[in-house]
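If you want the building blocks of each chain, they are given just below.
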Amino acid sequence: MMARPNNGNTSRMDDLLASVTGDLIGDLPQAFTDNSIRVERILLEMVRPDPVQPRRVLPESIHLNFHNNRVTPTQALRELVQIVQIAARQRGRPFNNVLELLPNGNNERDEDPIVNLSPEETLLRDLVNLAVTIRDDGQINPLTVVDVSQGVTRLFRIETGERRYWATWLLRDFIPGYTGDGIIPCIVIPAARSSVFRQAKENTARSGLTAVALARQAALLLLTVHGYEVPAYAVGHDFYRQALDLDLRAKREYTDMVLSAMGGIKRGQFSYIKGLLRLSDEALELADRHAIEEGRLRHVANVAPEYHAEIVRQIIDFNLSVKQVKEICEGDGLHTVKDEAEDISPSALKMAKVTQAINATTPQELARALMRQEGDASVARARLQAMRKLLGDAERYLTSD
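Note that the structure is predicted; figures quoted are calculated from it, not measured.

Q: What should I look at first to understand the environment of Asn97 in this one?
A: In this structure, Asn97 sits in the loop between helix H4 (73-90) and helix H5 (119-137). In this structure, the C-alpha to C-alpha distance between Asn97 and Val81, residues 16 residues apart in sequence, is 9.7 Å. Here the side chain of Asn97 touches Leu99 through a polar contact of 2.8 Å, landing on its backbone nitrogen.

Q: Looking at this structure, I do not really get the nonpolar core. What am I missing?
A: Across soluble globular proteins, nonpolar side chains have a tendency to be buried as a group. In this structure, Phe270 and Leu297 are the most contacted members of the largest nonpolar core, which totals 53 residues. Element by element, the count of residues in this core is highest for helix H8 (residues 211-225), at 10 residues. Residues in contact with Leu297, not counting those within four places in the same chain, are Ala211, Val212, Leu276, Leu279, Ala287, Ile292 and Val312. Judged by nonpolar contacts, the second largest core, of 42 residues, contains Val57, Leu58, Leu170 and Leu171.

Q: What should I look at first to understand the pairing of strand E3 (residues 143-147) in this one?
A: Walk down a regular strand and you will see the side chains alternate between the two sheet faces. Summarising burial for E3: four of the five residues are buried, a large majority. For E3 and strand E5 (residues 183-190), the ladder comprises five bridges, and the chain directions are parallel. Note that in E5 the partner of Val145 across the bridge is Val188. Of the pairings in the sheet, the one linking E3 to strand E4 (residues 156-160) comprises four bridges and is antiparallel in character. Paired with Thr144 across the two strands is Thr160, which belongs to E4.

Q: Looking at this structure, how should I read the packing of H8 against helix H12 (residues 281-289)?
A: Relative orientation and spacing of two packed helices are given, respectively, by the angle between their axes and the distance between those axes. The interhelical angle for the contact between H8 and H12, taken along N-to-C directions, is 120 degrees, at an axis separation of 7 Å. Of the possible angle classes, the one that applies to H8 and H12 is oblique. For the pair H8 and H12, the contacting residues are Val212, Ala213 and Arg216 in the first and Leu284, Ala287 and Asp288 in the second.

Rules behind the numbers
Residues numbered from 1 in each chain as written. Predicted model: local features only at pLDDT ≥ 70, side-chain atom pairs only at ≥ 80, totals over all residues. Heavy atoms only, no water. Helix = DSSP H or I, 4+ residues; strand = E, 2+ residues; numbered from the N terminus. Polar contact = N/O pair within 3.5 Å; in protein donor to acceptor, adjacent residues only side chain to side chain. Core = buried A, V, L, I, M, F, W, Y, C linked by side-chain atoms within 4.5 Å. Buried < 20%, exposed > 50% of the residue type's maximum accessible area, 1.4 Å probe, protein only. Contact = heavy atoms within 4.5 Å. Pairing = 2+ DSSP bridges. Axes fitted to C-alpha atoms, helices over the stretch in contact; angles between N-to-C directions. Parallel < 35°, antiparallel > 145°, perpendicular 65-115°, else oblique.

This is the structure we're talking about:
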């Protein structure tokens, strides 16, 4: 369900934004002078992550299953472990205990080659490392949670600290020798003082926030200042895409606050980040999973959506530079989607003419010609992959006719 602007509640929004100004310019310890903020030790089962948190800790599919109550926290982590076990086995690195993922383990030898981990392997390894740190040193940094209790049912939604939440579940259910009491320290904030701005500041202050997560963060801030209601349930990519129709020009009084919450970026960079929401669903998930930076995704967002996922795969497979991605995206036929009623473009006629000479060219000659044209083998291979997709789509179009 799409959130809609709540135009009749602007005074509450102004109060909310005003309440976080101090947090944006001050240090968190100052907040303890407010008697409405307290620190509690809360049962893990009473704490839930924020379903619209821009930073994804778990893969998108597991994230949605968890927030739609299809799986428990333990089952969600078991799904992640199984995904990692499959990936590790395919790379000749099987494991049975998650502790085996940690570097400098008992089975690691100096002569072992350096291996490239999949994104899921890296995620689980980092969570295991955090879990072991919590086990050995205790939970030093409490989570920040919002009290969303209703009646006698106590419930708290995480505003910051979701990685610590999942690491604690991992420690409890997947790492042998857990002796904790299932309680986690939390800074508790009243529901009326919940703030996407404080969450944004925490997100951008920490490392590991992907370009796609930043785009979701920008969307949440824009939707908030424009009076949209942020739901308390899991949402799809279209919810964040609503921000593509919004900008800061209509809310100049909040511009500095929004840019500060995004890490002090310039307005132009904010627009580039927001523009990533134009990427297709598959491209967004791939780019988020592989942490592709905004500079490369910026050019992909400007081409026709049907090419997005394929170009992102090429970026991943060939580690294409910003310049190489730009060259691919500015190639013929990618920037605009031709209407069927329009005349055939000169570039399409030129490509059709090339098919008549297909038997007069050898694969070796074509490879050499591409290398002479592009000067880079990665770009040449990416060009061929894009052409292969174009030819496949054209063949399906002919078949449908």
